[in-house]
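One letter stands for each residue in the lines below.
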Amino acid sequence: MATGIPVIDALIAARLALSLSLRAVGRELGVSAAAIHHLESGNLAAISWDKVQAYGALVGVAIPEERPETPRAARARHVALRLFYCPKPLCVRNHSYWDERGELRVLAMMVRTQRAELKCSGCGEVMESHCPHCDGQVVTSGTFCSSCGKELIPLPPPDSDPLGIRAALAAGCEERSVIQQLLSRETREIPPPME
Ligand SMILES: [Zn+2]
Ligand SMILES: [Zn+2]
């Protein structure tokens with residue numbers, strides 16, 4: 001029963017290799033067998049970190065000084081990363097398509113990063129992390145803001161489009177199925193810049 005937490009998996013493997021029971025380890029550390037079981041189920045806070053280090057000393061596994069981050073905490077931190085999109089409708093990073101109602105739409109492809117700001121790899125424009133309508137922070141990839149439901153990349157109205165943005169987008173429209181594939185693709189993560 002691997003937890004995916006290296007230090008815990010190493011403890012379990014070492015304990016089993018030594019044929020030690022949960023109760024035997026608990027007795028040595030002065031905690032209950034249930035507490036050891038909770039620890040080995042992936043709950044890093046089941047016993048004090050001093051006790052975890054004592055467990056490591058008992059079975060010959062090196063334990064880090066500090067309690068490592070749990071997968072749940074790592075996920076929470078991942079969610080805290082910002083999503084950015086390029087606000088230029090014609091940028092190669094974005095994709096145009098016709099929706100079910102025949103409306104021309106632009107799908108914003110997001111980049112997930114820890115950086116506070118980002119330039120577009122497609123056109124060099126400063127990327128946006130907020131909705132242009134409600135100023136809500138973007139939290140999902142797609143065409144529309146998940147807060148206010150309006151388009152993240154607004155298009156000029158059909159009757160006033162001097163730059164021909166709509167015509168250019170319509171020419172480059174992609175299959176709806178392609179858009180669905182793009183939407184299901186994980187956003188790319190950019191590591192923070194090296195100092
Ligand atoms: Zn761009
Ligand atoms: Zn919005």
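Reading the values: the criteria
Residues numbered from 1 in each chain as written. Chains lettered and ligands numbered in written order. Predicted model: local features only at pLDDT ≥ 70, side-chain atom pairs only at ≥ 80, totals over all residues. Axes fitted to C-alpha atoms, helices over the stretch in contact; angles between N-to-C directions. Helix = DSSP H or I, 4+ residues; strand = E, 2+ residues; numbered from the N terminus. Parallel < 35°, antiparallel > 145°, perpendicular 65-115°, else oblique. Contact = placed C-beta atoms within 7 Å. Nonpolar A, V, L, I, M, F, W, Y, C, P; charged D, E, K, R; others polar. pLDDT = per-residue confidence, 0-100. Core = buried A, V, L, I, M, F, W, Y, C linked by C-beta atoms within 7 Å. Buried ≥ 20, exposed ≤ 12 C-beta atoms within 10 Å, placed from the backbone. Arc of directions from axis to C-beta.

Let us now look at the packing of helix H2 (residues 22-29) against helix H3 (residues 33-40). At a closest axis distance of 8 Å, the pairing of H2 and H3 adopts a crossing angle of 110°. Our classification of the angle between H2 and H3 gives roughly perpendicular. Facing H2, whose interface residues are Leu 22, Arg 23, Val 25 and Gly 26, H3 presents Ala 33, Ala 35, Ile 36 and His 37. For the contact of H2 with H3, the class distribution of residues is 5 nonpolar, 2 polar and 1 charged.

Below, the discussion takes up the confidence of the model for the protein chain. Confidence along the protein chain averages 86 in pLDDT terms, with 88% of residues attaining 70 or more. At the level of individual helices and strands, the protein chain shows its lowest average pLDDT in strand E5 (residues 188-190), which scores 56, and its highest in H2, which scores 96.

In terms of nonpolar packing, the biggest core is built from 18 residues, with Tyr 85, Ala 108, Met 110, Met 127 and Leu 152 touching the most fellow members. Setting aside its immediate chain neighbours within four residues, Tyr 85 contacts Ala 108, Met 109, Met 110, Met 127, Glu 128, Val 138 and Leu 152.

Turning our eyes to something else, we now look at the environment of Ala 2. Structurally, Ala 2 can be placed in the segment before helix H1 (6-17). Each C-alpha atom, one on Ala 2 and one on Ser 41, is 8.4 Å from the other, the two residues being 39 residues apart in sequence.

In this section: H2. For H2, the full list of buried residues reads Val 25, Gly 26 and Leu 29. All buried residues of H2 fall inside an arc of 100° around its axis, so they share one side. Buried-residue contacts for H2 involve H1, H3 and helix H4 (49-59). Positioned one or two residues after H2, Gly 30 has a phi angle of 75°, which is positive.

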